Amino acid sequence: MDHTSDPNALRYVIDPQRLDLVEEFRKSPLGVHSAELRKMLAKMRWGKAQGRLVLIVLEAGKAWRLSRIPERRGDPMPFVDDRIFTSLSEAEWHVFKIRWQAMTGQTLPPEYQGDL
């Protein structure tokens, strides 16, 4: 059963002490993850659509930019900042850090603050 078919995944409570899951994600943002990390990512990625962070493809396989789903369907997708990512792994890691802080209320330790 993966995170998309596990009815309990969205009830997962993110434990801000679980830096082992942070490290697992940092080592391989696009890789195959443990069941525990998959549950945490499902919790981070799903829920209310409005305001959710998404990566917009500027150039397939080469450039991405961070945006948010707008309040109203059909409205323009507002970019969060001016940063353009040239690595999908780097973009995913950046989003992970933002979501971690938003959902746990805690910033990651300094060793996890930088880029990959």
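Residues numbered from 1 in each chain as written. Predicted model: local features only at pLDDT ≥ 70, side-chain atom pairs only at ≥ 80, totals over all residues. Heavy atoms only, no water.

A.B. asks: Hey, could you go over the layout of surface pockets for me, with residue numbers and the actual values?
C.D. replies: Volume-wise, the largest pocket comes out at about 180 Å³. Forming the boundary of the largest pocket are 14 residues, of which Met44, Gly51, Arg52, Leu53 and Arg99 lie nearest the centre. Mapped by element, the contributors of at least two residues to the lining of the largest pocket are helix H2 (35–45) and helix H3 (88–104). Considering every element that reaches the lining of the largest pocket, the biggest residue donor is H3, with four residues. Of the residues belonging to the lining of the largest pocket, the class tally is six nonpolar, two polar and six charged. (1 Å grid on protein atoms, 1.4 Å probe; cavity = no way out; pocket = protein on both sides within 12 Å on 5 of 7 lines; lining within 4 Å. Points joined across faces, edges and corners; volume = space filled by probe spheres on them. Helix = DSSP H or I, 4+ residues; strand = E, 2+ residues; numbered from the N terminus. Nonpolar A, V, L, I, M, F, W, Y, C, P; charged D, E, K, R; others polar.)

A.B. asks: Before we move on, could you go through the nonpolar core and cite the residues and values that matter?
C.D. replies: Grouped together as the largest cluster of nonpolar side chains are 14 residues, with contacts concentrated most on Val22, Met40, Met44, Trp93, Phe96 and Trp100. If you list the elements that add at least two residues to this core, you get helix H1 (19–27), H2 and H3. In terms of residue count, H2 provides more of this core than any other element does, four residues in total. Sequence-distant contacts of Phe96, defined by excluding residues within four places in its chain, comprise Val22, Phe25, Met40, Leu41 and Met44. (Core = buried A, V, L, I, M, F, W, Y, C linked by side-chain atoms within 4.5 Å. Buried < 20%, exposed > 50% of the residue type's maximum accessible area, 1.4 Å probe, protein only. Contact = heavy atoms within 4.5 Å.)

A.B. asks: Account for the environment of Asp81, naming residues and giving values.
C.D. replies: Assignment of secondary structure puts Asp81 in strand E3 (residues 79–85). Its relative accessible area of 28% is what places Asp81 among the partly exposed residues. Note: C-alpha distance between Asp81 and Gln101 (20 residues apart in sequence) is 17 Å.

A.B. asks: Break down H2 for me, citing the residues and quoting the values.
C.D. replies: When we look at burial in H2, the residues that qualify are Leu37, Met40, Leu41, Ala42 and Met44. Close packing links the buried residues of H2 with H1 and H3. Among the residues trailing H2, Gly47 stands out with phi positive, at a value near 125 degrees.

A.B. asks: Lay out the pairing of strand E1 (residues 53–59) with the relevant residues and their values.
C.D. replies: In this structure, E1 lies alongside strand E2 (residues 63–68), joined through six bridges in antiparallel fashion. Its bridge partner lying in E2, Ile56 is registered against Arg65. (Pairing = 2+ DSSP bridges.)

A.B. asks: Mind laying out a nonpolar patch on the surface, listing which residues take part and the relevant values?
C.D. replies: There is a patch of nonpolar side chains on the surface, built from Leu58, Phe79 and Ile84 and spanning about 260 Å² of accessible area. Relative to the helices and strands, Leu58 resides in strand E1. Taking the relative accessible area as the measure of exposure, Leu58 reaches 41% and is therefore partly exposed. (Patch = residues over 30% accessible without salt bridge, like charges linked within 9 Å, V, L, I, M, F, W, Y side chains within 5 Å. Areas by Shrake-Rupley, 256 points an atom, 1.4 Å probe, with all protein chains shown as cover. Salt bridge = Lys/Arg side-chain N within 4 Å of Asp/Glu carboxyl O.)

A.B. asks: With reference to specific residues and values, describe empty space enclosed by the protein.
C.D. replies: If you walk through the whole model with that rule in mind, you get one cavity of 30 Å³ or more. Volume-wise, the largest cavity comes out at about 30 Å³. Every residue along the wall of the largest cavity is listed here: Phe25, Leu41, Met44, Arg45, Glu92, Val95, Phe96 and Arg99. Of all the secondary-structure elements, those providing two or more residues to the lining of the largest cavity are H2 and H3. In the lining of the largest cavity, the residues fall into five nonpolar, no polar and three charged.

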